[in-house]
Amino acid sequence: MKYHVLTLFPEMIENGMKTSITGRAIEEGKIFLDSVNIRDYAFNKHNKVDDYPYGGGAGMVMQAEPVYLAYKSVSEHMDKKPKVIYLTPQGSVFSQKMAEELAVEDELVFLCGHYEGIDERVIEEIVTDNVSIGDYVLTGGELPAMVMMDAISRLVPGVLNNEHSAEFESFQDNLLEYPQYSRPEVWREKRVPQVLMSGHHANIERWRRQQSILRTKERRPELLKDADLDDADKLFLKSI
Ligand code: ADE
């Protein structure tokens, strides 16, 4: 997977992505990060990339041409038009399902806006997907782009150590993850659930499944209608 991020703050993207699991994945060549500074494509001697909005109003607007040239610098090396994701609170809300769909692409372009937005004409020209990470307004698209790249990267084969660990986690099947425990067996008088100490794998599996269902019902009941429940799961759900 190769990410191209068009941004005014490439150091923010690089610092954010070069730590922890995504950092290791970059070092190991499982994912590639190309952050493109839109300011490098400014077309005036002051390196200015924004201007006042036509029609008046507060704030500045990122101009079309530097964004377009930054995009062209990336797309000219590609055989087909890539997906270009514009991070905006006006987009479709990002989800695990969207992460799964995007994880199969070879390359993705993220366009990060700042100020009051980007000249609409270049958005119309290059953007294929408008995506929001939730109903709140951030100062720019960099954090949302990093949120998306993080969620997508962990679905790229080889990025997580354990090939299975992405499968069983929250949202993968519309159920929340069951609780986890580690040593010591008793911590401040709180004991690890006995079934986990039993070594009885079938019982442990069943307990974990039931905890997932219970948690989902308590914390995110709206997810249950799309969860893949078998007869035993449904019986358990009825009993709680
Ligand atoms: N830019 C500003 N706020 C945003 C949000 N919530 N999601 C995506 N991009 C944004």
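Residues numbered from 1 in each chain as written. Predicted model: local features only at pLDDT ≥ 70, side-chain atom pairs only at ≥ 80, totals over all residues. Heavy atoms only, no water.

Overview of the sheet that holds strand β6 (residues 107-111)
Part 1 of the reasoning: Sheet architecture is open: five strands sit in the order β2-β1-β6-β5-β7, paired in parallel fashion. The sheet terminates laterally at β2 (32-37) and β7 (129-132), the two strands that pair on one side only. Each strand axis lies, on average, 30° off the axis of its neighbour in the sheet, ignoring direction.
Part 2 of the reasoning: Across five bridges, the pairing between strand β5 (residues 83-93) and β7 is parallel. Following the sheet pairing, Ser 92 is matched in β7 by Val 131. (Pairing = 2+ DSSP bridges. Helix = DSSP H or I, 4+ residues; strand = E, 2+ residues; numbered from the N terminus. Axes fitted to C-alpha atoms, helices over the stretch in contact; angles between N-to-C directions.)

What about the packing of aromatic side chains?
Part 1 of the reasoning: Per the counting criterion, the structure on display carries two aromatic pairs.
Part 2 of the reasoning: For the ring pair Tyr 68 and Tyr 71, a centre distance of 6.5 Å and an interplane angle of 40° mean the geometry is tilted. Of this pair, Tyr 68 and Tyr 71 both sit in helix α3 (residues 64-75), three residues apart, which is roughly one turn of the helix.
Part 3 of the reasoning: According to the relative accessible area criterion, Tyr 71 is buried, its value standing at 6%. (Phe/Tyr/Trp six-rings, centres within 6.5 Å; stacked < 30°, edge-to-face > 60°. Buried < 20%, exposed > 50% of the residue type's maximum accessible area, 1.4 Å probe, protein only.)

Geometry only, nothing functional implied.
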